[in-house]
Amino acid sequence: SGAQTNPVKTTQLDGTTTDYVTVVPNETAVLNGQRQGVSVLSGGTLKGTGTLTGSLWVSNGGHVAPGNSPGCLSVDTLNIQGEYQFELGGADPCSGYDQIKGTNKTATYSTVTLDQNGVSTSVLTTSRYSGYTPKQGQTFTIIDNQGTQAVLGVFTNLPEGATFTQNGVVFKITYKGGDGNDVVLTVQN
């Protein structure tokens, strides 16, 4: 009858199971194993370097922060309606910066979605750590879409070719990078 508040907790998702996990508000789930899929509800966060053989769905108000500063998450299909918290601390994916790998190579539909029913609700936040300063022209593939279809949607306020500044570094975003359908940031200054 009253409002329910979930306790603040961290859940370790190690090992391999076929479970589908729901990350609730105030929960941080750290996936370093393998699961079928994960839904991140508003107020929840998924981290880690694990693998999802199915889908990752991040609801509006939910968060995905690949790795353990930094790292890569591998997912079959990806739908972000919430926030992607991207960390940059080096030049190499997975060891220097965060990346989400969309691994479904055979789907005839878009396996990477960044909107909700055609409305952009996903948010990209970036941060740098360990004093790392990227060089002009460097590229960072933040979503490696290994499928053949284009990314569906864009991050809020970041259409194709948009620029944004983070701690004095100007980045340009494309949803057509890499092999033609990856989400890539390029340093402009």
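What counts as what
- Residues numbered from 1 in each chain as written.
- Predicted model: local features only at pLDDT ≥ 70, side-chain atom pairs only at ≥ 80, totals over all residues.
- Heavy atoms only, no water.
- Helix = DSSP H or I, 4+ residues; strand = E, 2+ residues; numbered from the N terminus.
- Rg over C-alpha atoms; globule rule 2.2 N^0.38 Å.
- Areas by Shrake-Rupley, 256 points an atom, 1.4 Å probe, with all protein chains shown as cover.
- Lys, Arg positive; Asp, Glu negative; His and termini not counted.
- Charge placed at Lys NZ, Arg CZ, Asp CG, Glu CD.
- Disulfide = S-S within 2.5 Å.
- Buried < 20%, exposed > 50% of the residue type's maximum accessible area, 1.4 Å probe, protein only.
- Contact = heavy atoms within 4.5 Å.
- Polar contact = N/O pair within 3.5 Å; in protein donor to acceptor, adjacent residues only side chain to side chain.

Q: Just checking my understanding: could you explain the overall build of the chain for this structure?
A: Broken down by element type, the chain carries zero helices and 17 strands. In terms of overall size, the chain behaves like a compact globule, its C-alpha atoms giving a radius of gyration of 16 Å where 189 residues would be expected to give roughly 16 Å. With the C-alpha coordinates of the chain rotated into their principal frame, the extents come out at 50 × 40 × 35 Å. Just so you have it, the chain exposes about 8,400 Å², and 47% of that area is on carbon and sulfur atoms. Side-chain charges of the chain comprise 9 positive and 13 negative groups, with the mean position of each set lying 5 Å from the other.

Q: Mind showing me how you'd approach the state of the cysteines here?
A: When the sulfur atoms of two cysteines share a covalent bond, that bond is a disulfide. With the rule as written, the count across this model stands at one disulfide. Through a disulfide, C72 is tied to C94; the S-S separation comes to 1.8 Å. An S-S torsion of about -90 degrees defines the bridge between C72 and C94 as left-handed. Of the two residues, C72 is situated in strand β9 (residues 72-80) and C94 in the loop between β10 (83-88) and β11 (99-102); the sequence distance between them amounts to 22 residues. Overall, the relative accessible area of 29% leaves C94 in the partly exposed class.

Q: Please explain unusual backbone geometry as it appears in this structure.
A: Backbone geometry follows two general trends: most residues other than glycine have a negative phi, and most peptide bonds adopt the trans configuration. S69 connects to P70 through a cis peptide bond whose omega is -15 degrees. The phi angle at C94 is positive, at roughly 80 degrees, despite the residue not being glycine.

Q: Can you help me understand the environment of Y97 in this one?
A: Topologically, Y97 is positioned in the loop between β10 and β11. Along the primary structure Y97 and G168 are separated by 71 residues, whereas in three dimensions their C-alpha atoms are 18 Å apart. The contacts of Y97, once residues within four sequence positions are left out, are P70, G71, F86, E87, L88, G90, A91, D92, T139, F140 and T141. At a separation of 3.1 Å, a polar atom in the side chain of Y97 contacts the main-chain amide nitrogen of T141.

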